[in-house]
Amino acid sequence: MDEGGSRIRRRVSVRKRNRPSLESVFAASPATELKHSDEEKDDDEMVAGSRRRKTVDVQPVEVQPHHLSDSRVPRFNGRLRIRIPASLGIIDSEEDMFGDYDSFAENSFLAQVDDLEQKYLQLPEHRNHATDHANEDLCSESDKHNTLNVTVVGDCTELNIGDHTKNQSRHEDVSIEPEADILYDVPSSQVLFFENLHNSSSDLGGPSTEEKDWNSSFPKTVNEELPVNSREQPQQTVESSSKIRTSSDANRGKSLKDHLKSTMTGNAKAQTPIFSRTKQLKETLLSEEINVAKKTIESSSDDLGPFYSLPSKVRDLYVQFKGIEKLYEWQHTCLTLKSVQERKNLIYSLPTSGGKTLVAEILMLQELLCRRRDVLMILPYVAIVQEKISGLSSFGIELGFFVEEYAGSKGKFPPIKRREKKSLYIATIEKGHSLVNSLIETGRISSLGLVVVDELHMIGEGTRGAILEMTLAKILYTSKTTQIIGMSATLNNVEDLQKFLQAEYYTSQFRPVELKEYLKINDTIYEVDSRAENGMTFSRLLNYKYSDTLKKMDPDHLVALVTEVIPSYSCLVFCPTKKNCENVAEMICKSLSKEYLKHKEKEKQEVIQNLKNVSGGNLCRVLRHTIPFGVAYHHSGLTSDERKLLEEAYSTGVLCLFTCTSTLAAGVNLPARRVILRAPYVAKEFLKRNQYKQMIGRAGRAGIDSVGESILILQEKDKQQVLQLISKPLENCYSHLVQEFTKGIQTLFLSLIGLKIATNLDDIYRFMSGTFFGVQQKVLLKEKSLWEITMESLRYLTEKGLLQKDTMCGSKEEFQNNFHITKLGRASFKGTIDLAYCDILYRDLKKGLEGLMLESLLHLIYLTTPYDMASQCDPDWMIYFRQFNQLSPAEQNVAALVGVSENFIGKKASGQAIRKKVDKNIVNRLYLSFILYTLLKETNIWSVSEKFNMPRGYIQSLLSAAAAFSSCVLHFCEELEEFWVYRALLGELTKKLTYCVKAELIPLMEVTGVLEGRARQLYNAGYKSLTHLANANPEVLIRTIDHLSRRQAKQIVSSAKMLLHEKAEALQEEVEELLRLPSDFPGLVASSTEKA
Ligand SMILES: Nc1ncnc2c1ncn2[C@@H]1O[C@H](COP(=O)(O)OP(=O)(O)OP(=O)(O)O)[C@@H](O)[C@H]1O
Ligand SMILES: [Mg+2]
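Residues numbered from 1 in each chain as written. Chains lettered and ligands numbered in written order. Predicted model: local features only at pLDDT ≥ 70, side-chain atom pairs only at ≥ 80, totals over all residues. Heavy atoms only, no water.

Going by an unreviewed UniProt entry, the protein chain carries the name Helicase POLQ-like and comes from Bos indicus x Bos taurus. Recorded under Sequence similarities (unreviewed entry), the UniProt text for the protein chain is reproduced unchanged: "Belongs to the helicase family. SKI2 subfamily." (UniProt positions renumbered as here; feature names shortened; annotations may be inferred.)

Here's what the structure looks like:
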């Protein structure tokens, strides 16, 4: 595999393991080289100590000296013991609770333990032997811990076996042939695994002397394809680490194996009816492997263990769940970078579909499993968060960590403190920010070991960019031990980002599937060619015979272009607007031959049926016409249920053509052999290079397509601009922190003071200097200094009554003056209210106290209707008037209370002039609350969409925005005593708005990926609670639930299992908290002082 332009650029040499504070960044030279910190020394000592502690016990077994050369084996001097308590170590092969959820791949180590058991139990002579051992075990140790001690011995360390054996007399040690030699400690699991690998050939009748290579039982790894120079890298390579050789001494190996087998079989005889013993053994062995991995990673050795310092099971899960058998060369290089192993911050950039996610995931797993710290992954959209939750839940279940959703209405602030298992928080940009705030507030920010940001270029995009910047800047400032990793396919000014994140940079041009770029002008296709003079070379002529009518209908030859690909392959057509998506889809279908109707006809009918099911029998007119041809449009006007169904149908090839807007461009893994850009525009804006790259990047996704191509359709008039587009560098990304005034710098300052991150001018200025804006300030805002900008913002917040200067320190220099947050400031900060609206919200709520109409929900809904959506709304006055007249007198009174009269609406509807000035925002807001009110009453998006003549997707977005804002208003009220009455009311309203479905579906909809339609189907099929779903058999689900794919079924079950685990853990935590003796219990303090 040729990685071509792969190169590593290390631009910022921040060589500390722990990042320097912002102060030191300013003060010290960036190239300061630091020695290993004391902390590292301590770590080393700890590891050594724990290794020493491990050096106990009996029954050595020899591992042949050639194991020495094997760098996969963690190099621990000393010996190892597997201790399996009787309650855990008993095998009952007939009782396996993994049942239908046994996800062990064939070559997984644990699967091999299974095989070993099976094989062993099938041999009659072993059966007797096993029974004997079992009886012995039961007779002698039935009430004690049954310890299986395996000591790996070599020839360099002495071992006093006798003493240990005496000391351990209470344990039933498996008698393994004593050997005098001690070699290296390896994890017990791996000892067994290596032995098993070696002996399996002889067990199966193969030549006993034949050495079995690691690679023959594992997916081949990337370094088999590495060029010679890469192999010479100092880092541990996969190949070098893969030369595990098993013992040539079959008898010794067999002896170990026999004893393991006999113990396992013996265990099988004991009765423990409650737990699955096989499962427990697997878990014990897995945790053993994780322990070793943990120590390996702490020891910062070059030894990568079985799979990048992770248990071999992780590799098996990737094969099983993702079909990834080996890493790409760049992925291996990146993971073995010295800077990565030293946990420095990292930015990496590769073309779309380059496989960036896998690297991040491996690093996240290392953090969760080996370093035992929580991880936050920030993704750009709710849908992508949900996809990732579904994808990683199975990993969480198998490997023992929580996967928690922070998107939409989901997520707890601060997150639940877990007792043992670590958490992977997967969050949208906004929720990620709130999560970080809550961790800082509760002093838990350092529990976050790693933060991964996907699509890092988004830091340059509007409000979300500003929020992402604030999040990262806060982490950098408050936690020196949290590592930050950012990735993107479209970065240009990496230096700025590196400086901001104090990060190293890795880049490569690798793309597993070649992507060919074409341009189409009239009926000629040109290939984009950077070597050609004007950037393109002639490729071919389109010679389709178009009738005159078709020419008029399709002047851009879209039909010709798509029919070259569909229905065998799939195609995405990006269109500038939503309406255009629908028109293009219809136009194409009008011109397609009837033959297309026959392709996957039955499946397409199912899609139609399914769409009707999730939409209460409704089906969009356009989709009804296009789906039989395998074509659909995809944009934000669809409901999320519809989108999900259409995406699924498209990924499985039932639909072969999507006409879509640019929202489908980022990060989504939808397959396309060909991507067509209908025009070089997004809405009315000319396409940016970044957008162009992201859109065409959807073609030729690895694992889905073997080739990919893009065609940009352009008119002569746009030719020059397009030629620039294809040749110019990617756009720089710039900070939006100051530009997004109230949602940016203002919000930041309020939270800095509210969270006490920085409370005086000096510290706030220092913080600002460390932001992305601070790095770019001289480019972005030349006319003002950073100091002036900081001062101005603080003044503004003080004038607005959100901050107050401390009067106590009047004598201090101005820059030392402390600020504190006012009640209103705290409420706005806690409620994450856009500061442009916080005083209006306060006023509205205050006015509400004077006369809240509670006969219906309308008044409350009005108070939680998002202000920003109201400002963009354009009411249909006739509908407004009609809806107003359908309200009860009490409800009509709400309109009067907020300041909108019937007279005004009536005049507007009849087109009469209005002299009196009316606040447009209030009128619009009331209109939106009519929509929400109707929606809560009818719970049918389709009928409401029809009633108000608005796209159903918009209605749904309004609903989720209102749910989110209602929860924000609730938090706002919680901080202000005078609004106590709203608290109970808004709690209920938030729930109603969040689900807007019948109450019985709510528990099912808590599971990631279960939307209303699916919840209803599941409910009707008898799956009425989370526990039902968590215990469901995916195979049964497929059979009983219409149109549910195997992948979806598995994802639903694993997400439900994960959620159930999380809830159970939280309850356990609560119980423990409840039973714990309070630390200030009378007498407790006194007695401890007495002792002292
Ligand atoms: N080593 C590998 N072997 C086979 N397939 C892989 C490997 N690594 C990643 N993939 C697959 O490649 C596809 C694209 O990977 P991924 O989504 O990580 O791309 P990306 O670099 O994040 O692209 P984008 O910038 O478009 O988001 C995925 O389907 C992924 O499973
Ligand atoms: Mg990606």
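Okay, back to it.
What follows covers the pattern of salt bridges. On inspection of all chains with the given rule, the structure shows 41 salt bridges. A salt bridge links Glu-595 to Lys-598; the shortest N-O distance between them is 3.0 Å. Remark: Lys-598 and Glu-595 occur in helix H24 (residues 595-598); sequence separation between them is 3 residues, near one turn of the helix. On the basis of relative accessible area, Lys-598 is assigned to the exposed category, the value being 55%. One network of salt bridges, with partners in common, ties together Arg-343, Glu-367, Arg-371 and Arg-373. (Salt bridge = Lys/Arg side-chain N within 4 Å of Asp/Glu carboxyl O. Helix = DSSP H or I, 4+ residues; strand = E, 2+ residues; numbered from the N terminus. Buried < 20%, exposed > 50% of the residue type's maximum accessible area, 1.4 Å probe, protein only.)

Our focus in this paragraph is the pairing of strand S12 (residues 503-507). Counting buried positions over the 5 residues of S12 gives 5, a clear majority of the element. With burial as the criterion, each face of S12 is covered, one bearing Ala-503, Tyr-505 and Thr-507 and the other bearing Glu-504 and Tyr-506. Here strand S6 (residues 345-349) runs beside S12; their pairing, made up of 5 bridges, is parallel. Residue pairing in the sheet places Leu-346 in a bridge with Glu-504 of S12. (Pairing = 2+ DSSP bridges.)

Counting buried positions along helix H28 (residues 689-696) gives 6 out of 8 residues, so the element sits mostly inside the fold. Of the residues making up H28, those classed as buried are Arg-689, Asn-690, Tyr-692, Gln-694, Met-695 and Ile-696. Where H28 is buried, its residues touch strand S13 (515-521), strand S16 (571-574), strand S19 (674-677), strand S20 (681-682), strand S22 (708-714) and helix H29 (719-727). (Contact = heavy atoms within 4.5 Å.)

What follows deals with the side chain of Lys-604. With respect to the helices and strands, the residue Lys-604 is situated in helix H25 (residues 601-614). Separated by 2.6 Å, the side chain of Lys-604 and the backbone oxygen of His-599 make a polar contact. With residues up to four places along the chain from it excluded, the contact list for Lys-604 reads Tyr-596, Leu-597, His-599, Ile-627, Pro-628, Phe-629, Gly-630 and Val-654. (Polar contact = N/O pair within 3.5 Å; in protein donor to acceptor, adjacent residues only side chain to side chain.)

The immediate surroundings of ligand 1 are formed by 19 residues, with Lys-326, Ser-353, Lys-356, Thr-357 and Arg-701 found nearest. Between an oxygen atom of ligand 1 and a main-chain N or O atom of Gly-355, the distance comes to 3.0 Å. Classifying every residue of the shell around ligand 1 by side-chain character gives 6 nonpolar, 8 polar and 5 charged. Each of two domains, domain 1 (312-507) and domain 2 (519-727), supplies a minimum of three residues to the shell around ligand 1. (Near = heavy atom within 4 Å. Nonpolar A, V, L, I, M, F, W, Y, C, P; charged D, E, K, R; others polar. Domains from an automatic or database assignment.)

Now for the packing of aromatic side chains. According to the stated counting rule, one finds 24 aromatic pairs in the structure shown. Summarising the aromatic geometry, the rings of Phe-321 and Phe-395 are spaced 5.5 Å apart at their centres and angled 55 degrees between planes, so their arrangement reads as tilted. Pair noted here: Phe-321 is in helix H13 (residues 312-322) and Phe-395 is in helix H17 (residues 382-399), with a separation of 74 residues, a long-range link. Ring geometry for Phe-979 and Tyr-982: centres 5.7 Å apart, planes at 65 degrees, overall edge-to-face. Across this residue pair, the class does not change: Phe-979 and Tyr-982 are buried. Ring pairing ties together the aromatic residues Trp-877, Tyr-880, Phe-904, Tyr-927, Phe-930 and Phe-948, which thus form one cluster. (Phe/Tyr/Trp six-rings, centres within 6.5 Å; stacked < 30°, edge-to-face > 60°.)

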